[in-house]
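Spelled out from the first residue to the last, the chains are:
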Amino acid sequence: MQALLLALAFVLEIVAFIAFSAFGYVFPLPEWAHLALFAVLFVALVSFWGVYMAPKAPKKLDLIPYYIAKAIIYTVSAVTIFFTRGAAPCSTFMLLALLDEALLFRHNLS
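Here we summarise the structure given alongside this text. (Residues numbered from 1 in each chain as written. Predicted model: local features only at pLDDT ≥ 70, side-chain atom pairs only at ≥ 80, totals over all residues. Heavy atoms only, no water.)

## Digging into the pattern of salt bridges
Considering all chains together, one arrives at two salt bridges under this definition. For Lys70, the salt bridge identified is with Glu13, shortest N-O distance 3.6 Å. One end of the pair, Lys70, is in helix H3 (residues 63–85); the other, Glu13, is in helix H1 (residues 2–21), and 57 residues separate them in sequence. Both residues of the pair, Lys70 and Glu13, count as buried. Each member of the salt-bridge network shares a partner with another, and the members are Glu13, Lys70 and Glu101. (Salt bridge = Lys/Arg side-chain N within 4 Å of Asp/Glu carboxyl O. Helix = DSSP H or I, 4+ residues; strand = E, 2+ residues; numbered from the N terminus. Buried < 20%, exposed > 50% of the residue type's maximum accessible area, 1.4 Å probe, protein only.)

Here is the structure:
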């Protein structure tokens, strides 16, 4: 069960990285600006995740800051999905993310 939850978490994180990075597409900008903002946000998020949130991060965040950061990242991702893809994909992403996080948290407590 844990392997399935971790696999789903990985897929959701990949979706979140891409959606978070695509946040600029919510705004009417020239295509070059969308691409530049995507690249900057992607590099910043991957760097932040690698240093503070990855399982073997050198400066891993404590529990509450970790979930606050994750909530911000997933919320920005959900907003991007909503404005670029619609309500159904956004709802699916949010439901899967909340369910997976709750089950992983519960599993880690036991």
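## Digging into the packing of aromatic side chains
In the structure shown here, the tally under the stated rule is eight aromatic pairs. On the numbers, 5.9 Å between centres and 80° between planes, the contact of Tyr67 with Phe105 is edge-to-face. Of the two residues, Tyr67 sits in helix H3 while Phe105 sits in helix H4 (residues 87–109), which places them 38 residues apart along the sequence. For Tyr67, a relative accessible area of 28% puts it in the partly exposed group. Overall, Phe105 belongs to the partly exposed group, its relative accessible area being 33%. Here the aromatic rings of Phe82 and Phe83 are separated by 5.2 Å at their centres, their planes lie at 85°, and the arrangement is edge-to-face. Taking relative accessible area as the criterion, Phe83 reaches 55% and is therefore assigned exposed. Ring pairing ties together the aromatic residues Tyr66, Tyr67 and Phe105, which thus form one cluster. (Phe/Tyr/Trp six-rings, centres within 6.5 Å; stacked < 30°, edge-to-face > 60°.)

## Comments concerning the layout of surface pockets
What the second largest pocket holds in volume is close to 220 Å³. Lining the second largest pocket are Tyr67, Lys70, Ala71, Tyr74, Thr75, Ala78, Phe93, Met94, Ala97, Leu98, Glu101 and Ala102. Of all the elements in the fold, those that place two or more residues in the lining of the second largest pocket are H3 and H4. Split by residue class, the lining of the second largest pocket holds nine nonpolar, one polar and two charged. (1 Å grid on protein atoms, 1.4 Å probe; cavity = no way out; pocket = protein on both sides within 12 Å on 5 of 7 lines; lining within 4 Å. Points joined across faces, edges and corners; volume = space filled by probe spheres on them. Nonpolar A, V, L, I, M, F, W, Y, C, P; charged D, E, K, R; others polar.)

## Considerations on the side chain of Glu13
For Glu13, a relative accessible area of 17% gives the class buried. The contact partners of Glu13, leaving out residues within four places of it in the chain, are Trp49, Lys70 and Tyr74. (Contact = heavy atoms within 4.5 Å.)

## Some points on H1
Owing to its 3.6 residues per turn, the α-helix aligns residues three or four sequence positions apart on the same side. When the terminal C-alpha atoms of H1 are compared, their 28 Å separation across 20 residues agrees well with the 28 Å that a helix rising 1.5 Å per residue should span. For H1, the set of buried residues is Leu5, Ala9, Leu12, Glu13, Ala16, Phe17, Ala19, Phe20 and Ser21. (Expected span 1.5 Å × (residues − 1).)

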